[in-house]
Amino acid sequence: MTRDHPLALDAADALAPLRQQFSIPEGLIYLDGNSLGVLPTATAARVQQVVADEWGQGLIGSWNAAGWMALPQRIGDKIAPLVGVGPGELVVADSTSVNLFKVLSAALSLQREAAPQRTIIVSERSNFPTDLYIAESLGRQHGCTLRLVDRADDIPAALGSDTAVLMLTQVNYRSGHLHDMKALSAAAHAAGALAVWDLAHSAGALPVALAADGADYAVGCGYKYLNGGPGAPAFAWVRPAHAERAWQPLAGWHGHATPFAFEPGYQPAPGINRYLCGTPPVLAMAALECGVDTLLAAQPLGGMAALRAKSLALTRLFIDLVHSRCAGQGLTFASPDDDARRGSQVCLAFDPDSAPGRAGAAYAVVQALIARRVVGDFRAGDARDGLPDILRFGVTPLYTRFVDVWDAVEQLRQVLASSEWREPRFNQRGLVT
Ligand SMILES: *Cc1c(COP(=O)(O)O)cnc(C)c1O
């Protein structure tokens, strides 16, 4: 295989024009869209318009005239088809952590009221830390504790008559494992538990079918595959049958049935709107909407199913090239080889047998690649669940090209073959990893 192969794949790719929606720095191979999506070209002008016209000129009148009040629902309705739910079922608000707090709290209060013996929240030890921290904190309030499994296969056996909630991130941020939402939600229900899903690494990366797959609650991130910009607002969805069964704990005025009645008592708004809390961050919402629109532009080209097919082709090419071009360099795959179980990332463990101080080896390789303008990231391992330190390469089918994969693996090959990663400058740990 030569570089002509990925170039031919790009030339034949019907989704290739979607990349023109983004401003990607010249010469940069960006494989970190699962940490922070790239900048859509429309965003700067749109935010400028909101600042100069809607805020600068329209001032307070823009809450109605420019539709600011309806942003949580309007953008929510755009995200809804990407995650398999209907209009009016999903709102944009707050951060992923805060939304998880709201939905998990609601799920726990339903369960604890109906079945006080259910005191367990089941999750993965390798789940994203903020999810585990929120669950731990809510557990303290609700008299619940976490049961963390080390391997995805162990999840069904961890569910039982003591389980209140199964809380998972659909694609594990560290291993890239894509959970079977349908099977695991069904297993949770069979045990009498509710299923809470975090879509941080799946919404916008692959088709998500919350309604059909039996999820009860879901949250998702705006700044990863939705390209909403750093710290973009997140979203929350609650199965409509549950939405009005509980209050969420952050009962703010935007979740009130009549916010502008300024009543002293709280009356939750109907449906999902009670999951709003305070005033929407309008500037951040404007940027998020531009990001979501880049995904909606894929709808006429086959939408999320087509994006998923491309994502799998990209990660498969990455895997094949690592096998054929980096053999014998000490790399092993930490993400699933099975297409059905692999999210939109490839994770590699790096274990060079002879290196002194090899604990930082994966980190150093990522730094050496960044110096060569290939941006992936490093995630620290955890001996308890057997996951090693990893090099993580996320592909974003909206803008990653097949030739980017080729070039990234070629740079990786050179970094390893030359032992460049051992240079001291790549082995100094900074604060932000
Ligand atoms: C990125 C990510 C988050 C981020 O939460 P914030 O509140 O935006 O900091 C949460 N959960 C998971 C699983 C993530 O991958």
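These figures come from a predicted structure and were not determined experimentally. (Residues numbered from 1 in each chain as written. Predicted model: local features only at pLDDT ≥ 70, side-chain atom pairs only at ≥ 80, totals over all residues. Heavy atoms only, no water.)

Our focus in this paragraph is the site of the ligand. Lining the immediate surroundings of the ligand are Ser95, Thr96, Ser97, Phe128, Thr130, Asp131, Thr169, Asp198, Ala200, His201, Tyr223 and Lys224. One of the backbone nitrogen or oxygen atoms of Thr96 is found 3.5 Å away from an oxygen atom of the ligand. For the ligand, an oxygen atom lies 2.6 Å from a polar atom in the side chain of Ser97. When the ligand sits alone it has 380 Å² of accessible area, and the protein chains cover 87% of it. Only helix H5 (96-114) and helix H6 (129-142) provide two or more residues apiece to the shell around the ligand. Each residue belonging to the shell around the ligand can be placed in one class, and the counts come to 3 nonpolar, 6 polar and 3 charged. (Near = heavy atom within 4 Å. Polar contact = N/O pair within 3.5 Å; in protein donor to acceptor, adjacent residues only side chain to side chain. Areas by Shrake-Rupley, 256 points an atom, 1.4 Å probe, with all protein chains shown as cover. Helix = DSSP H or I, 4+ residues; strand = E, 2+ residues; numbered from the N terminus. Nonpolar A, V, L, I, M, F, W, Y, C, P; charged D, E, K, R; others polar.)

With that out of the way, let us pick up the domain arrangement of the chain. Each assigned domain of the chain is listed with its residue range as follows: domain 1 (4-30 + 303-427) and domain 2 (45-296). The gap between the C-alpha centroids of domain 1 and domain 2 is 29 Å. With 31 residues of domain 1 at the interface, the matching set in domain 2 holds 24 residues. By the criterion of area lost to domain 2, the three top residues of domain 1 are Met304, Arg341 and Asp385, representing 28% of everything that side buries. Here domain 1 is connected to domain 2 by 0 salt bridges. (Domains from an automatic or database assignment. Contact = heavy atoms within 4.5 Å. Buried area = accessible area lost by both parts, 1.4 Å probe. Salt bridge = Lys/Arg side-chain N within 4 Å of Asp/Glu carboxyl O.)

With that out of the way, let us pick up the state of the cysteines. Enumeration according to the criterion identifies 0 disulfides in this entry. Cys290 forms no disulfide, and the closest cysteine sulfur to it belongs to Cys221, at a distance of 17 Å. Of the residues examined, Cys290 reaches a relative accessible area of 10% and is grouped as buried. With no disulfide of its own, Cys326 lies 16 Å from the sulfur of Cys347, the closest cysteine sulfur. (Disulfide = S-S within 2.5 Å. Buried < 20%, exposed > 50% of the residue type's maximum accessible area, 1.4 Å probe, protein only.)

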